[in-house]
Amino acid sequence: MAPQLLVTLVFFIWPAGQAVWQSFLVEDAFGLSTEFVWFENYAQIFTDSRYYHTLWTTIIFSAGVTLMSMGVSLLLAVMADQVVRGAQVYKTLLIWPYAVAPAVAGVLWLFMFHPTVGVLAYMLDTIGIEWNHFLDGDQALLLVIIAAAWKQISYNFLFFLAGLQAIPQSLHEAAAIDGAGPGRRFFTITFPLLSPTTFFLLVVNVVYAFFDTFGIIHAVTKGGPGDSTRTLVYNVFDDGFVGLDLGGSAAQSVVLMVLVGLMTVVQFRFVERKVQY
Amino acid sequence: MVENRFWLNLLSHLVLGLGVLLVAFPIWIAFVASTHSAQGLVSGTIPFWPGDLFLENFSQVLSGGNDGSVGVSAMLMLFNSLVMALGISIGKIVISLMAAYAIVFFRFPLRSVCFWIIFMTLMLPVEVRIMPTFQVVANLNLLDSYTGLTLPLIASATATFLLRQFYMTIPPELVEAARVDGAGPVKFLFDILLPLSRTNLAALFVIMFIYGWNQYLWPLLVTTDEHYYTIVMGIQRMLAVGDDEVAWNIVMPTTLLAMLPPVGVVLMMQRLFVKGLVETEK
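Residues numbered from 1 in each chain as written. Chains lettered and ligands numbered in written order. Predicted model: local features only at pLDDT ≥ 70, side-chain atom pairs only at ≥ 80, totals over all residues. Heavy atoms only, no water.

Now for the overall build of chain B. Per the secondary structure count, chain B includes 15 helices and 0 strands. Out of the 282 residues in chain B, the part that is buried amounts to 52%. Here the contacts in chain B between residues at least 6 apart in sequence split such that 69% fall between residues at least 24 apart. Accessible surface computed for chain B: about 12,800 Å², of which carbon and sulfur atoms make up 67%. (Helix = DSSP H or I, 4+ residues; strand = E, 2+ residues; numbered from the N terminus. Buried < 20%, exposed > 50% of the residue type's maximum accessible area, 1.4 Å probe, protein only. Contact = heavy atoms within 4.5 Å. Areas by Shrake-Rupley, 256 points an atom, 1.4 Å probe, with all protein chains shown as cover.)

In structure tokens form, the structure reads like this:
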């Protein structure tokens, strides 16, 4: 007990406390004097149009990652659930990206889409699409979304598959006897019964897209070009360590902490109770 | 399978095959890239089949004597990553084992306060509290050290939470029986609780090992001395060459090396890992 308390206190409570405290301070350029300014940092954040732009980017980014990876993995899981022979092999072949570091996943996709050396960029070029994510913000955003979604596929796949296998086979059989085809069975039986898993994954994926993808963005685009791939977490890092705006960065941290707190509450309270069959 | 339809089956296999290809494609490209020379990669036509420089590139990466590197060999970076991953996973397991044990089986003052202090950490990933944590570590003079790399990341409650869930399922009769037989708290922990939670611990270890190995931002911040670089962040350093041409034939083998250990761990302990992941997180 004691060790964990100690570690938690030193490396968690202390920093978190400091973040809250610092978010009320403004420091001068040389760190010589600090001034207590109440909520000025917060006011600054919420009147800054750039912060809203970041928020918007984050929302698009998370929605893209969540939809793409969940869609692909649901499809794969449904198919793997159908297959009689070789399901285990497919499972093995599909789960390993879970172990790939986000930053490494980012580098892999960066290489493939690299305007001068990338295979995919070259292919796109031959069909008339000019790909250069160093210049085009939308393409850069798409690139990080793809990389982040790719890494998350295996996680979603595992959970979807587990969820699918928990659905009793007799339900499918009964529906089949009643004359429902595979497509219809999926939408009237499988999908509704899968909804607890789906909601759980929804929350997990959004949290993942919000926080764990920092490595991808930092390694691939560094928030650029312009601000097009700047997410909230990247902004905290950039304002704090690069811009050295400690107060502003701390205030953003606090905003994020509140956000995560809310999501956790949603996950624990709302989802677990409401979406039950 | 409810009915046996040939086309449906074929479609499933087709889609799954495509999925596997989609997932594996980046690796193939990375592998191909790591078998060519730097000139071969930038000269315009992109090769699709492996070249003949596989051994050369890899030995260059491992020994570190090349133009694209960060000054230390990949060997050392792999070692650092290993230390960090093992430190985090073992440290976390040991610490949370004790904490969960205390929370579940003992009554002491301020128990619920301690509980909430620890479980608040569940909500906050490192990235959010990175700035203040960095200051704390800097104040403690832990920059550029293995302690600084691992210790702050141990402060998270995921493992504690999972173990607590597991301990709560242990019937009180078992505890009482042990006490009647004269087993003290320590003996109970080592002789009954640990053997019972062996599979959970193994699964936890896999997940924590991957978590530790894949840390990116934290090592990037706390290490300025390249002898403490971990391999995942080392790749980023290789990419940050400014206007120079990135030495892809060096970066790609490093990338492959960086993902080999965690992927290997997952594949070797697949059954345990899947069980641990799916069952504990729900």
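With that out of the way, let us pick up the overall build of chain A. The number of helices and strands found in chain A is 13 helices and 2 strands. Across the 277 residues in chain A, those meeting the buried criterion constitute 56%.

Residue and element names in this part refer to chain B. Within the structure shown, the criterion is met by 1 salt bridge over all chains. The residue aspartate 191 makes a salt bridge to lysine 187 at a minimum N-O spacing of 2.8 Å. Within this pair, aspartate 191 and its partner lysine 187 are both found in helix H10 (residues 185-196), separated by 4 residues, close to a single helical turn. According to the relative accessible area criterion, aspartate 191 is partly exposed, its value standing at 46%. (Salt bridge = Lys/Arg side-chain N within 4 Å of Asp/Glu carboxyl O.)

With that settled, consider the UniProt feature "transmembrane region" (unreviewed entry) in chain B. Residue and element names in this part refer to chain B. Within the UniProt annotation, "transmembrane region" (unreviewed entry) is assigned to residues 7-31, 82-106, 113-134, 146-167, 188-213 and 246-267. From the first C-alpha to the last, residues 82-106 spans 35 Å; its make-up is 96% helix and 0% strand. For residues 188-213, helix accounts for 96% and strand for 0%, while the C-alpha atoms at its two ends are 33 Å apart. (UniProt positions renumbered as here; feature names shortened; annotations may be inferred.)

Chain-level pLDDT for chain A is 76 on average; 77% of the residues reach the 70-or-more range. Ranking the elements of chain A by mean pLDDT puts strand E1 (residues 25-27) of chain A last with 58 and helix H7 (residues 137-165) of chain A first with 85. (pLDDT = per-residue confidence, 0-100.)

What follows is about the environment of valine 65 of chain A. Residue and element names in this part refer to chain A. Tracing the sequence through the fold places valine 65 in helix H3 (residues 49-82). In this structure valine 65 comes out as buried when scored by relative accessible area, which is 0%. Expressed as a C-alpha distance, the spacing of valine 65 and alanine 149, which sit 84 residues apart in the sequence, is 4.9 Å. Sequence-distant contacts of valine 65, defined by excluding residues within four places in its chain, comprise Met70, Ile145, Ala148, Ala149, Tyr208 and Ala209.

The next point concerns the side chain of asparagine 156 of chain A. Of note, asparagine 156 of chain A is situated in helix H7. Polar contacts involving the side chain of asparagine 156 of chain A include one to the side chain of serine 69 of chain A, which spans 3.1 Å. (Polar contact = N/O pair within 3.5 Å; in protein donor to acceptor, adjacent residues only side chain to side chain.)

Our next topic: helix H10 (residues 195-212) of chain A. In this model, H10 of chain A (18 residues) spans 24 Å end to end at C-alpha, consistent with the 26 Å of a helix rising 1.5 Å per residue. Along H10 of chain A, the positions that sit buried rather than exposed are Ser195, Thr197, Thr198, Phe200, Leu201, Val203, Val204, Asn205, Tyr208, Ala209, Phe210 and Phe211 of chain A. (Expected span 1.5 Å × (residues − 1).)

Before going further, it helps to examine the packing of aromatic side chains. What the rule picks out here adds up to 13 aromatic pairs over all chains. Taking the centre distance of 6.5 Å and the plane angle of 50 degrees together, the rings of phenylalanine 214 of chain A and tyrosine 216 of chain B count as tilted. One end of the pair, phenylalanine 214 of chain A, is in helix H11 (residues 214-220); the other, tyrosine 216 of chain B, is in the loop between helix H11 (198-213) and helix H12 (217-222), on a second chain. Clustering of aromatic rings is evident, with ring pairs tying together Trp96, Trp109, Phe113 and Trp150 of chain A. Positioned over the ring face of tyrosine 98 of chain A is lysine 151 of chain A, at 5.5 Å from the centre of the ring. (Phe/Tyr/Trp six-rings, centres within 6.5 Å; stacked < 30°, edge-to-face > 60°. Lys NZ or Arg CZ within 6 Å of the ring centre and 35° of its normal.)

Another aspect to go through is a nonpolar patch on the surface. Taken together, the side chains of Leu82, Leu86, Ile90, Val94 and Met98 of chain B make up a nonpolar region of the molecular surface, amounting to roughly 370 Å² of accessible area. Tracing the backbone through its elements, the reader meets leucine 82 of chain B in helix H4 (residues 74-105). (Patch = residues over 30% accessible without salt bridge, like charges linked within 9 Å, V, L, I, M, F, W, Y side chains within 5 Å.)

Residues and elements named next belong to chain A. Two elements in contact, helix H8 (residues 169-177) and helix H9 (residues 182-193), have axes separated by 10 Å at closest approach and are oriented at 160 degrees. Between H8 and H9, the crossing angle belongs to the class labelled roughly antiparallel. When you trace H8 past H9, the crossing you get is right-handed. Each of Leu171, His172, Ala175 and Ala176 in H8 lies in contact with H9, whose residues at this interface are Arg185, Ile189, Thr190 and Leu193. For the contact of H8 with H9, a count of residues per class yields 5 nonpolar, 2 polar and 1 charged. (Axes fitted to C-alpha atoms, helices over the stretch in contact; angles between N-to-C directions. Parallel < 35°, antiparallel > 145°, perpendicular 65-115°, else oblique. Left-handed = near helix turned anticlockwise from the far one by under 90°. Nonpolar A, V, L, I, M, F, W, Y, C, P; charged D, E, K, R; others polar.)

Counting 125 residues, the largest nonpolar core has Phe61 and Trp109 of chain A together with Ile231 and Phe273 of chain B as the members making the most contacts within it. The element best represented in this core is H7 of chain A, accounting for 16 residues. With residues near it in sequence (within four places) discarded, phenylalanine 61 of chain A still touches Leu141, Val144, Ile145, Ala148, Ala209, Thr213, Ile217 and Thr231 of chain A. By size, the runner-up hydrophobic cluster in this structure holds 19 residues, among which are Tyr101, Leu162, Phe188 and Leu193 of chain B. (Core = buried A, V, L, I, M, F, W, Y, C linked by side-chain atoms within 4.5 Å.)

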